[in-house]
Amino acid sequence: MKRFEISLKDKVALVTGAAGGLGGAIAWAFGAAGARVFLIDLLEDKLKEISQAMRAEGIDAGYQALDINVSGAPQTLVDDVVREMGRIDIVVNSAGINRPQKSEEVTEKNWDDVMNINLRAMFFVSQAAGRHMIARGGGGKIINLSSQAGTVALPLRAAYCSSKGAVNQMTRTLALEWAKYRILVNAIAPTFVETPFTAQMFQDEDFKKYVLASIPLGRMVTTEEIADAAIFLASDLSNMITGHILAVDGGWTIQ
Ligand SMILES: NC(=O)c1ccc[n+]([C@@H]2O[C@H](COP(=O)([O-])OP(=O)(O)OC[C@H]3O[C@@H](n4cnc5c(N)ncnc54)[C@H](O)[C@@H]3O)[C@@H](O)[C@H]2O)c1
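The paragraphs below set out a description of the structure included in this document. This is a predicted model, so every value here is computed, not measured. (Residues numbered from 1 in each chain as written. Predicted model: local features only at pLDDT ≥ 70, side-chain atom pairs only at ≥ 80, totals over all residues.)

## Brief notes about the environment of leucine 39
Right, so step 1: Of note, leucine 39 is situated in strand 2 (residues 36–41).
Right, so step 2: Expressed as a C-alpha distance, the spacing of leucine 39 and alanine 61, which sit 22 residues apart in the sequence, is 7.3 Å. (Helix = DSSP H or I, 4+ residues; strand = E, 2+ residues; numbered from the N terminus.)

## Section: the packing of helix 1 (residues 21–32) against helix 8 (residues 223–234)
Right, so step 1: The N-to-C vectors of helix 1 and helix 8 enclose an angle of 55°; their axes lie 8 Å apart at closest approach. With respect to helix 8, the element helix 1 is oriented oblique. Helix-helix and strand crossings are classified by hand; for helix 1 and helix 8 the assignment is right-handed. Facing helix 1, whose interface residues are Gly21, Leu22, Ala25, Ile26, Ala29 and Phe30, helix 8 presents Thr223, Glu224, Ile226, Ala227, Ala230, Ile231 and Ala234. (Axes fitted to C-alpha atoms, helices over the stretch in contact; angles between N-to-C directions. Parallel < 35°, antiparallel > 145°, perpendicular 65-115°, else oblique. Left-handed = near helix turned anticlockwise from the far one by under 90°. Contact = placed C-beta atoms within 7 Å.)

## Comments concerning the sheet that holds strand 2
Right, so step 1: Spatially, the seven strands line up as an open sheet ordered 3-2-1-4-5-6-7, and their pairing is parallel. Each end of this open sheet is capped by a strand with a single partner; those strands are strand 3 (61–65) and strand 7 (245–248). Going across the sheet, the axis of each strand differs from the next one's by a mean of 15°, ignoring polarity.
Right, so step 2: In terms of strand pairing, strand 2 meets strand 3 through five bridges, oriented parallel. Among the inter-strand pairings, valine 37 is bridged to a residue of strand 3, identified as alanine 61.
Right, so step 3: Across the sheet, helix 5 (residues 158–178) lies against strand 5 (140–145), strand 6 (183–190) and strand 7, angled at about 165° from strand 6, the strand it touches most. (Pairing = 2+ DSSP bridges.)

In structure tokens form, the structure reads like this:
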């Protein structure tokens, strides 16, 4: 009988949004599975704190504070990581924002910010990493943080839902184009998770009730459960899965 062991030993993983709830949990899980991790976020103090804590646990962790939405930043970032860590095997695109607003009040700036960070920056980080993986002879995994909002409509989230729907299509398109290079591109589509991202919206008790009532399994997902899905997609257990949008939503989107 084949024995499965989930290991990312010696893989180099680049994680954007790594100071955030999901990016942080994924980076920790990858490190615990043996990966060497490189953390990216806007929040330098937090990155420093996380990487120090990781190193104290024996995890090889580098970081860079960076706005991945700045033109040219993703390519420079990938070049820097390859110089520092030697290669990139896995990319987790977790940087993202949401600006809940009534559609009749959405500003052009908020629309552009949400689309630029959630979609444009994700594409150009993937492009830069993909170029590196192709130049190295192929092979690699890219994991995009989408959302159930890419499939179902959620109130006050016209830009956010649009960006995540586009993330799903971007994931499939990259998966198709880069299959010949054995670069596997998948997305994780969580329901609501309790992180800094959602803390503010859950102060509204009615909203929290609506969310819990919409999840057949009756609870929100934990950051660890999203990290479990990411480990699966990063590991050899998913080597024939590409272009897939993995719902981790307690059943929200089956209704
Ligand atoms: N938390 C949820 O309920 C939930 C549900 C579904 C999908 N998601 C998605 O998962 C991803 C991570 O969410 P989270 O809950 O960890 O959010 P979070 O706010 O905790 O973390 C996101 C991180 O991205 C960073 N970031 C934002 N813009 C950046 C930029 N331009 N350059 C570099 N870093 C930037 C932020 O500083 C933050 O630390 C997002 O894409 C989000 O849309 C979250």
